[in-house]
Amino acid sequence: MGATQKMTIFKLCILAGAALVGTMSVAAQAMTPAQTMLGDAPSVPKNIVIMIGDGMGPAYTSAYRYYKDNPDTQEIEQTVFDRLLVGTSSTYPARVSGYVTDSAAAATALATGVKSYNGAISVDINKQTIPTIMEKAKALGLATGVAVTSQINHATPAAFLSHNESRSNYDALAKSYLTTDTDVMLGGGKKYFPVSLIEKFQAKGYQYLSDFNQLDSIKQGKVIGLFANVQLPWAIDDNDKNKLSKMTAKALELLSQHDKGFVLLIEGSLIDWAGHNNDIVTAMGEMEEFANAIEVVEQYIRNNDNTLMLVTADHNTGGLSIGANGEYSWNTSIIRGVQASPDFIANDALIHDDWLARVSLNLGFEPNEDEASQLARARMQGKEVMTTSIKHLIDSRSNTGWTTGGHTGVDVQVFATGPAASLFAGYQDNTDIANKLISLLPKAKSKSQSNK
Ligand SMILES: [Zn+2]
């Protein structure tokens, strides 16, 4: 344990003592005095990993439990989400946008502790810039990083790294990343980073990766890796289904080399995209890989007890329902049996004459006569109708329900492990999450201390 850390714990002991007499600080609420004084693990984190399952409302984590359940055993096995659950969070945006948030307002709340309007990228309702946890971390000398499955300038990572009055200003957001000094950026988005812009990153010392296979070759330094034109492929259709967990592991490896610690944002971005599509098969594929990425961080924390992991969702997407059509049943064997995304299955069906046999093979079950004639009619109407028809077939066979192609306003769950994880217990607002995380950053040193 370093001298600084000892000093921090000493200060926390004083804080915890003060808490007993009633002046409770946010940091002190996290631990009892006994925990603070006696525990081997540090009480405040050196490193913070924020993980966001975009659109991952409570129905998704429940669905994932049953999707992963081994039907050959009596018990229903716990998932990583069950293991790490600590609390819940409301997600509503600023008053002007009502009760149902979009990803931009939610990410602004999670990155800054301030609510804003839907579409805002870390600006307030008056379009004034609000400092983010990443900027505060940078100012304190910490390293920062993002690893996501969407384009890296999509709403969630953008609100942690940048500012803009609109999430749709993708080109401006991409350009703005040049001045953020972010150490690690991994995900999709080549479309928004032309060669001229990439050259500017390289001039600033960044290594540029355009191919996922290059990821292993990076051992240190700053990196920007763009592995798709826009978003990464659906995990279920990808030959490499573990891209998010590999990016997570690489980001941890690179950022760990910084003595002062780091703040890292990981997003399972495409859970939301599958939710918007009302596509249960693809959503479960994305959930599985997000869960894998969480387990990568969990393992890292087992070896580095100075690291806090905070996992949550920014909102719920699609109004997913486990059970539908008045049936008390959710048939996961149907969902588990599907071999590819409905997108893929529809494309494949459109270009082959023996399409019904191929659809049956891809679905893992044989459509009955009615279902087959519905699919045949849909196939005549092209890709989009065919995809929808396949999704409807999977939904009706499995009793999966959806209420919207957009977001819903239910509270989301909060999961945490590592130092100060208990700070996130119980109900909180999404802005509280940000304020607690910000309170855990090291305090700026006074002049006399920094001269040491
Ligand atoms: Zn979102």
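Residues numbered from 1 in each chain as written. Predicted model: local features only at pLDDT ≥ 70, side-chain atom pairs only at ≥ 80, totals over all residues.

As recorded in an unreviewed UniProt entry, the protein chain goes by Alkaline phosphatase and comes from Shewanella violacea. Note on the protein chain: under the UniProt heading Sequence similarities (unreviewed entry), the record states "Belongs to the alkaline phosphatase family." (UniProt positions renumbered as here; feature names shortened; annotations may be inferred.)

J.: Hey, could you go over the overall build of the protein chain for me, with residue numbers and the actual values?
T.: Check the secondary structure of the protein chain and you find 20 helices and 14 strands. Evaluated residue by residue, the protein chain yields a buried proportion of 48% over its 452 residues. Taking all contacts inside the protein chain whose residues are at least 6 apart in sequence as the whole, residues at least 24 apart take part in 71%. (Helix = DSSP H or I, 4+ residues; strand = E, 2+ residues; numbered from the N terminus. Buried ≥ 20, exposed ≤ 12 C-beta atoms within 10 Å, placed from the backbone. Contact = placed C-beta atoms within 7 Å.)

J.: Which residues make up the sheet that holds strand β3 (residues 143–151), and what are the values?
T.: Backbone hydrogen bonds hold the strands of a sheet together, and the pairing may be parallel or antiparallel. The strand order across the open sheet formed by 10 strands is β5-β6-β4-β3-β7-β1-β8-β13-β2-β14, and the pairing between neighbours is mixed. Two strands in the sheet have a free side with no partner beyond their single neighbour: β5 (207–209) and β14 (426–429). Strand after strand, the sheet turns through a mean of 15° between neighbouring axes, direction not considered. By the bridge criterion, six bridges tie β3 to strand β7 (residues 262–268) in an arrangement that is parallel. Across the sheet, residue alanine 147 finds its bridge partner in β7, namely isoleucine 266. (Pairing = 2+ DSSP bridges. Axes fitted to C-alpha atoms, helices over the stretch in contact; angles between N-to-C directions.)

J.: Describe the UniProt feature "binding site: Zn(2+)" (unreviewed entry) in the protein chain, and please don't skip the residues or the numbers.
T.: Residues annotated by UniProt as "binding site: Zn(2+)" (unreviewed entry) correspond here to Asp54, Asp272, His276, Asp314, His315 and His407. Look at the named residues: they lie 354 residues apart in sequence, but the longest C-alpha span between them is just 14.1 Å, so in the fold they bunch up. Relative to the helices and strands, histidine 276 resides in helix α12 (residues 270–276). Residue class for histidine 276 comes out partly exposed when judged on the 16 C-beta atoms lying within 10 Å of it. Other than its neighbours up to four places away in sequence, histidine 276 contacts Thr317, Gly318 and Gly405. The residue histidine 407 is located in strand β12 (residues 407–408) in this model. The residues contacting histidine 407, other than those within four sequence positions of it, are Val100, Thr101, Asp102, His315, Asn316 and Thr317.

J.: Could you give an account of the environment of glutamate 289, naming the residues involved and the relevant values?
T.: With respect to the secondary-structure elements, glutamate 289 resides in helix α13 (residues 280–303). Residue class for glutamate 289 comes out buried when judged on the 24 C-beta atoms lying within 10 Å of it. Residues glutamate 289 and asparagine 242, spaced 47 residues apart in sequence, show a C-alpha to C-alpha distance of 6.2 Å. In this structure, glutamate 289 is in contact with Ala235, Lys241, Asn242, Leu244, Ser245 and Gly268, ignoring residues within four places of it in sequence.

J.: With reference to specific residues and values, describe the pairing of strand β2 (residues 85–90).
T.: With four bridges connecting them, β2 and strand β13 (residues 412–417) associate as antiparallel partners. What sits directly across from glycine 87, in β13, is valine 414.

J.: Give me the packing of helix α4 (residues 58–68) against α13: which residues, what numbers.
T.: Axis separation between α4 and α13 bottoms out at 10 Å; the angle between their running directions is 90°. With respect to α13, the axis of α4 lies roughly perpendicular. Contact residues: Tyr60, Ala63, Tyr64 and Tyr67 in α4; Ala283, Met284, Met287 and Ala291 in α13. Here the residues of the contact of α4 with α13 are counted per class, giving eight nonpolar, no polar and no charged. (Parallel < 35°, antiparallel > 145°, perpendicular 65-115°, else oblique. Nonpolar A, V, L, I, M, F, W, Y, C, P; charged D, E, K, R; others polar.)

J.: Can you tell me about helix α18 (residues 383–398), naming the residues and giving the values?
T.: Because the α-helix completes a turn every 3.6 residues, residues three or four places apart line up on one side. The first and last C-alpha atoms of α18 sit 23 Å apart over 16 residues, in line with the 22 Å expected at 1.5 Å per residue. Among the residues of α18, Met386, Thr387, Ser389, Ile390, Lys391, Leu393, Ile394, Asp395 and Ser398 are the ones counted as buried. Buried-residue contacts for α18 involve α13, α14 (332–337), α15 (342–350), α17 (369–380) and β11 (400–401). Immediately downstream of α18, the backbone of asparagine 399 shows phi near 60°, a positive value. (Expected span 1.5 Å × (residues − 1).)

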